Amino acid sequence: MSLSCATCKSTNVQKLSLAYQNGLSDINGTQKTSGVGISRRGLGFGSSRSKFNGTQQSALSQKASPPLKERVIKNAFIHLAMAFIATPFVALLIFSNEIVSGVAILLYLAFAIHD
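Keep in mind the model is a prediction, meaning the values are calculated, not measured.

Caption draft 1: Just the overall build of the protein, in detail. Secondary structure summary: the protein contains four helices and two strands in total. If you list the helices and strands of the protein from N to C, you get α-β-β-α-α-α. At a minimum sequence separation of 6, the contacts of the protein that also span at least 24 residues come to 47%. Surface exposure of the protein reaches about 10200 Å², of which carbon and sulfur atoms provide 61%.

Structure (structure tokens):
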């Protein structure tokens with residue numbers, strides 16, 4: 001099966017899933033640096049070493065990325081709703097020593113940590 005652009009008829013095309021995967025790359029590295037300084041108090045020397053790792057994504061891969069999963073949106077909505085529910089109790093806790101507000105905060109934290 002040959003794929004071609006519907007507009008310009010070019011055969012230089014690829015699936016979105018392939019463009020997404022080809023634009024992802026793992027990066028790992030180490031950076032070392034050192035320096036010398038001089039002042040009225042004397043000579044100073046310092047050095048550092050750091051390691052880093054992660055994933056790099058090209059601009060095309062970002063555009064071709066799949067949509068957010070429904071779960072992410074659902075969890076964001078739940079956390080927002082819990083924040084609105086807990087806000088009056090947090091204010092009550094700040095201005096008084098009610099035990100009820102402490103329980104509400106613990107419930108909020110339990111739901112927030114659940115994910």
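Caption draft 2: The pairing of strand E1 (residues 24-39), seen in detail. The pairing of E1 with strand E2 (residues 42-57) spans 16 bridges and is classified as antiparallel. Residue pairing across strands places Gly29 opposite Phe52, the latter belonging to E2. Between E1 and the antiparallel strand that follows it, E2, lie two residues.

Caption draft 3: Looking closely at the side chain of Ser61. Within the secondary structure layout, Ser61 lies in helix H2 (residues 59-63). Polar side-chain contacts of Ser61 include one of 2.8 Å to the backbone oxygen of Tyr20. Not counting chain neighbours up to four residues away, the residues in contact with Ser61 comprise Ala19, Tyr20, Gly23 and Leu24.

Caption draft 4: View of a nonpolar patch on the surface. Residues Val36, Ile38, Leu43 and Phe45 make up a contiguous nonpolar surface patch of about 540 Å² in total accessible area. When residues of the nonpolar patch are traced back to their parent elements, those giving at least two are E1 and E2. By the element assignment, Val36 lies in strand E1. Owing to a relative accessible area of 63%, Val36 belongs among the exposed residues under this scheme.

Caption draft 5: View of unusual backbone geometry. Positive phi, normally seen in glycine, also occurs at Lys9, with a value near 65 degrees. Following the sequence through the fold, Lys9 ends up in the segment before helix H1 (16-22).

Reading guide: rules and limits
Residues numbered from 1 in each chain as written. Predicted model: local features only at pLDDT ≥ 70, side-chain atom pairs only at ≥ 80, totals over all residues. Heavy atoms only, no water. Helix = DSSP H or I, 4+ residues; strand = E, 2+ residues; numbered from the N terminus. Contact = heavy atoms within 4.5 Å. Areas by Shrake-Rupley, 256 points an atom, 1.4 Å probe, with all protein chains shown as cover. Pairing = 2+ DSSP bridges. Polar contact = N/O pair within 3.5 Å; in protein donor to acceptor, adjacent residues only side chain to side chain. Patch = residues over 30% accessible without salt bridge, like charges linked within 9 Å, V, L, I, M, F, W, Y side chains within 5 Å. Salt bridge = Lys/Arg side-chain N within 4 Å of Asp/Glu carboxyl O. Buried < 20%, exposed > 50% of the residue type's maximum accessible area, 1.4 Å probe, protein only.

On their own, these measurements won't tell you what the molecule is for.
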